[in-house]
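Remarks on the overall topology
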Amino acid sequence: MEILDEKEDLLVLLYPVFSGNSPRIVNEWIQLQNKVDNTSAVIISVSGGGEISPNTASRVKCKKQLKRKGYNIFYENMLIMPSNCIVRTKEDLAIRLLKVLPEKVNNIINQIMKVNKHIMKPLLIDRFLSLIFILESIGAKRFGRKIKITDSCISCSLCEKNCPTENIKMIDGKPSFGNKCIMCLKCIYSCPKNALKSGVFKSMVFEEGFNLKRIEDKLDKKDLQPVSDLAKGYIWKGVKEYLKDYD
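The text that follows walks through the structure, step by step, so that each part is easy to find. Not measured: the values here are computed from a predicted model.

1. Digging into the overall build of the chain
Looking only at helices and strands, the chain has ten helices and seven strands in total. The C-alpha radius of gyration of the chain comes to 19 Å, within 12% of the 18 Å expected for a compact globule of 247 residues. Along the longest, intermediate and shortest principal axes, the C-alpha atoms of the chain span 55 × 50 × 35 Å. Considering the chain as a whole, with its 247 residues, one finds that 43% of them fall into the buried category. Pairs at least 24 apart in sequence give 78% of the contacts found in the chain among residues at least 6 apart. Accessible surface computed for the chain: about 14100 Å², of which carbon and sulfur atoms make up 53%. When the 41 basic and 28 acidic side-chain charges of the chain are each reduced to a single mean position, those positions are 5 Å apart.

Structure representation (structure tokens):
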């Protein structure tokens, strides 16, 4: 993991939400960093559900860690991308999320450049849930160890190259999984032959896969269904609010 140059005057930390928290690899990276003297910092989390429970506390641990390192966090926010586990984002809704992404990012950049302070208050219940969800990191390690390799594996080693925690090693032409999995699902979804299958927590993974490129290829699709028809129920409340000005 890279150690930052102490001369940097702004840290922008962006990561996907995992079980209402920041991924373990992000927390470990922060722990490795040197202390600074009031360097400005920004935290952007990314989720499939938005700023709703249990995601509102997803930046709390990072904020505490960065403050202990001497960082001054003046801005935090959340971006939404199509969900890659448990509940699939409907295609028209996924297309809308990708279409608005450039504008959302530009708005965030403008606020950061203007040094507009934007600190969000997590729900109390989410602070509690985030502590419970830490136990899921144990489940993630087990998930990684139990990934099954089918006969369609061509020993391309793409899974090894793409693993963010270096949890996969090629042994005798086949991937071997260690104890550092964070359940990002990158190895399963990016396998060109669909050769990796979940051995446990199977409901977490979409059987038909997850491919953002396929969604990007449909960005010019016409006559998208209204967000109000697509984002129904509490789990889509955050997405509906996120897209309210883009229907």
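Once the structure has been displayed, the description carries forward.
2. A word on the nonpolar core
Counting residues in each nonpolar core, the largest one holds 20 residues, and the members touching the most others are F143, M183, C187 and I188. Top contributing element to this core by residue count: helix α7 (residues 186-190), with three residues. If we skip the residues at most four places from it in the chain, F143 touches C181, M183, L185, I188, S198, V200, F201 and V205. Ranked by size, the runner-up nonpolar core spans 19 residues in total, among them V42, I80, L97 and L243.

3. A word on a positive patch on the surface
Taken together, the side chains of K61, K64, K67, R68, K117, K121 and R127 define a basic patch exposed on the protein surface. By residue number, the principal contributor to the positive patch is helix α2 (residues 60-68), which donates four residues. Checked against the element boundaries, K64 lands in helix α2. Assessed through its relative accessible area of 47%, K64 is described here as partly exposed.

4. Thoughts on the environment of N194
Among the structural elements, N194 can be located in the loop between α7 and β7 (196-197). A sequence separation of 13 residues divides N194 from E207, and the C-alpha atoms of the two residues are 9.7 Å apart. The contacts of N194, once residues within four sequence positions are left out, are T150 and S152.

Criteria and cut-off values
- Residues numbered from 1 in each chain as written.
- Predicted model: local features only at pLDDT ≥ 70, side-chain atom pairs only at ≥ 80, totals over all residues.
- Heavy atoms only, no water.
- Helix = DSSP H or I, 4+ residues; strand = E, 2+ residues; numbered from the N terminus.
- Rg over C-alpha atoms; globule rule 2.2 N^0.38 Å.
- Buried < 20%, exposed > 50% of the residue type's maximum accessible area, 1.4 Å probe, protein only.
- Contact = heavy atoms within 4.5 Å.
- Areas by Shrake-Rupley, 256 points an atom, 1.4 Å probe, with all protein chains shown as cover.
- Lys, Arg positive; Asp, Glu negative; His and termini not counted.
- Charge placed at Lys NZ, Arg CZ, Asp CG, Glu CD.
- Core = buried A, V, L, I, M, F, W, Y, C linked by side-chain atoms within 4.5 Å.
- Patch = residues over 30% accessible without salt bridge, like charges linked within 9 Å, V, L, I, M, F, W, Y side chains within 5 Å.
- Salt bridge = Lys/Arg side-chain N within 4 Å of Asp/Glu carboxyl O.

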